[in-house]
Amino acid sequence: MELYITAFLILALFAILGSGVWIGLSLAGVAWIGMELFTNRPVGDSMVITIWGSASSWTLTALPLFIWMGEILFRTKLSEDMFKGLAPWLDKIPGRLLHTNIIGCTIFAAVSGSSAATCATIGKMTLPELKRRGYPDDISIGTLAGAGTLGLLIPPSIIMIVYGVMANVSIAKLFIAGVLPGIILAGLFMAYTIGWALKNPEKVPPADQSMSFTQKLYESRHLIPVVSLIVAVLGSIYTGIATATEAAALGVVGSLIIAAVQGDLTRKTFSESLAGGTRLYCMIALILFGASFLTLSMGYIGLPRHLAEWIIGLHLSPLALIVVLMVFFIILGCFLDGISMVVLTMGVLLPTIEAMGFDLVWFGIFIVLVVEMAQVTPPVGFNLFVLQGMTKKDITYIAKHAFPLFLLMIVMVLLMYFVPEITSWLPRHMEG
Amino acid sequence: MRNFLDRLFEVTGYLAGLFMIGTLLAVLSSIFGRFIPALDLQGADAYAGYCMAASAFLALATTLRRGEHIRVTLIINRLSPAAYRWLDMFCHLLALAVSTTLAWYSIRLVRQSLAFNDVSTGLDATPLWIPQIGMAVGTTMLALAFAVDLVDVISGVKVREEPKDGEPAHIE
């Protein structure tokens, strides 16, 4: 009987979501039905207490601040500066300026929590510059779509905060754990670009005028603002001076200072970034509210416990479970955005993950990687949407050229599985 | 009436922005309070949380009216205009029901916190009904916004939104 009701609830959830009801409200609605069916508790009071608790929790305060910081930086000349500072160094590597996409995204990811924002901020500079110099569209768009996803893996990261709050894992630890996988993944992307360039040398335009070493070094001064911001934010977390939330506050102040120094800080850009950040946070918060209530309701139904018992009864090897979950998330990611995917599944999955003996920090990085893949898979992938808006190319065209990078992300998951130290080494050496 | 409500949603959205600044200031006070005790608010953590909550709830309505709350449009966007309108009406009705319930119980929460004299367990010892007002006001605005939206859909003012060019969604 309970099994039927649970199956009915899951079907109802997907039907309501699929019909186009706002995600946060769909979750709350289904949670309500579930609680009404399975408990005698006062549903409405439990709902608002749960939502109030999650809305005002201290750990979550990092989220709106990092979102606001991203909105401020999006409105500065930071990406322009980064292109100027990076380009002279990359002209000698096979693939030349294509690497500005990858390294640009890697660096910007270290001050931005979002994949789509990273993609948009770097792309608005590199895409026109690469086109002007005659780089083929397919490879510049493909590498940008893939590298943009590093915005999630390299801290700060919105999705890591969401996961950390759901799974009750230290956000600072998650952030630091994402650094090495992020750099390795960026390395894989660069290796792919080099391989492509060696195979198609005729498609790579000639280098710009070469500069002397001192000239290059002088051009690098443009990187100083972004690097100091990274040091302030990530450095303060790694050394234990600041919590993730405090680092976020420092980041907001730092980006305001950068904007002011560059002369981009007007009353208009300030209020635009504030309003944009507030609404973007509000959008995510509504999903989180619905999810917190759904998690409560699922707990009463006992779904997480039953699922854990069932999966453990299957005697899957950990690798098999990871592969199954990866396939499941890739399919889910075709229809849902990353945040909804994480909040929807974590409440149910966590007991299983703990019972199977996975480290929750490791698993968090795994989830972030899988969400990254979802960003570049059609029909729902936010990096694809962003690039569609910027290039006017068809979404399947962009997805096709991002596909090799998608495969590299799968390689990265396997690498992380067999060498878990990639995620655990840095957090172990953190202070505080 | 509609214009008045839209103005009201703008005002609460504006307040949400101020509370976002409040969140920042509360966190900053806890950082700098370590060095300069005069700046240290007792229980800054809790104040940051209250400001964040108020910011999220108060922005709900204006975010909805700008079409920025996320929904799965995969199926609905492939329908004919007439079918789209019917399904959109269904979505709005369901959303109106959920948001009204949320508003109803949020107001009830404020009244109960007041009646039972609920006080925060943190250092701040704030009577909880005060920050919870933000939740009650914000969710009420959201329910009103859904009502206005529903009227717009029925009267044909609001039609399918075409994806905007240029302006990238900064989501995630």
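As shown above, the structure is provided for reference.
Residues numbered from 1 in each chain as written. Chains lettered and ligands numbered in written order. Predicted model: local features only at pLDDT ≥ 70, side-chain atom pairs only at ≥ 80, totals over all residues. Heavy atoms only, no water.

Peer 1: Teacher, can you tell me more about the packing of aromatic side chains here?
Peer 2: For any pair of aromatic rings, geometry is given as the distance between the ring centres together with the angle between the planes. One pass over the full model with this rule turns up 17 aromatic pairs over all chains. Consider the rings of A:Phe328 and A:Phe329, whose centres lie 5.5 Å apart with planes at 65 degrees: the pair is edge-to-face. Aromatic side chains B:Tyr47 and B:Tyr50 sit 6.3 Å apart centroid to centroid with 80 degrees between the ring planes, which places their arrangement in the edge-to-face category. In this pair, B:Tyr47 and B:Tyr50 both sit in helix H2 (residues 44-65), three residues apart, roughly one turn of the helix. Residue class for B:Tyr47 comes out partly exposed when judged on its relative accessible area of 30%. Cation over ring: A:Arg221 sits above A:Tyr218, and NZ or CZ is 4.1 Å from the ring centre. A:Lys393 extends its terminal NZ or CZ atom over the ring of A:Tyr397, reaching a point 5.3 Å from the ring centre. (Phe/Tyr/Trp six-rings, centres within 6.5 Å; stacked < 30°, edge-to-face > 60°. Helix = DSSP H or I, 4+ residues; strand = E, 2+ residues; numbered from the N terminus. Buried < 20%, exposed > 50% of the residue type's maximum accessible area, 1.4 Å probe, protein only. Lys NZ or Arg CZ within 6 Å of the ring centre and 35° of its normal.)

Peer 1: Which parts of the structure should I look at to understand unusual backbone geometry?
Peer 2: In terms of backbone geometry, most residues other than glycine have negative phi values and most peptide bonds are trans. Note the cis peptide between A:Pro155 and A:Pro156, where omega equals -10 degrees. Tracing the sequence through the fold places A:Pro156 in the loop between helix H9 (150-153) and helix H10 (158-167). Despite not being glycine, B:Asn117 shows a phi value in the positive range, around 60 degrees. Summarising the element assignment, B:Asn117 is placed in the loop between helix H3 (81-115) and helix H4 (129-155). On the basis of relative accessibility, which here comes to 60%, the residue B:Asn117 falls in the exposed class. Its identity as a non-glycine residue notwithstanding, B:Ala125 has a phi of 50 degrees, on the positive side.

Peer 1: Mind showing me how you'd approach the interface of chain A and chain B here?
Peer 2: Reports of interface size often rely on the accessible area that becomes lost once the parts have come together. Between chain A and chain B, the contact holds 67 residues from the first and 60 residues from the second. Together chain A and chain B conceal approximately 5,700 Å² of surface at their shared face, both sides included; 77% is due to carbon and sulfur atoms. A per-residue breakdown of the area chain A buries against chain B is headed by A:Trp22, A:Trp52 and A:Arg279, which together make up 16% of the total. Taken together, the links from chain A to chain B amount to three salt bridges. Salt-bridge contacts for A:Glu246 lead to B:Arg34; the nearest nitrogen and oxygen are separated by 2.7 Å. Counting across the chain A and chain B interface gives six residue pairs in polar contact (both at pLDDT 80 or more). In terms of residues, the side of chain A that touches chain B owes the most to one element, helix H15 (residues 267-301) of chain A, which gives 13 residues. Residue classes in the side of chain A that touches chain B are distributed as 45 nonpolar, 16 polar and six charged. (Contact = heavy atoms within 4.5 Å. Buried area = accessible area lost by both parts, 1.4 Å probe. Salt bridge = Lys/Arg side-chain N within 4 Å of Asp/Glu carboxyl O. Polar contact = N/O pair within 3.5 Å; in protein donor to acceptor, adjacent residues only side chain to side chain. Nonpolar A, V, L, I, M, F, W, Y, C, P; charged D, E, K, R; others polar.)

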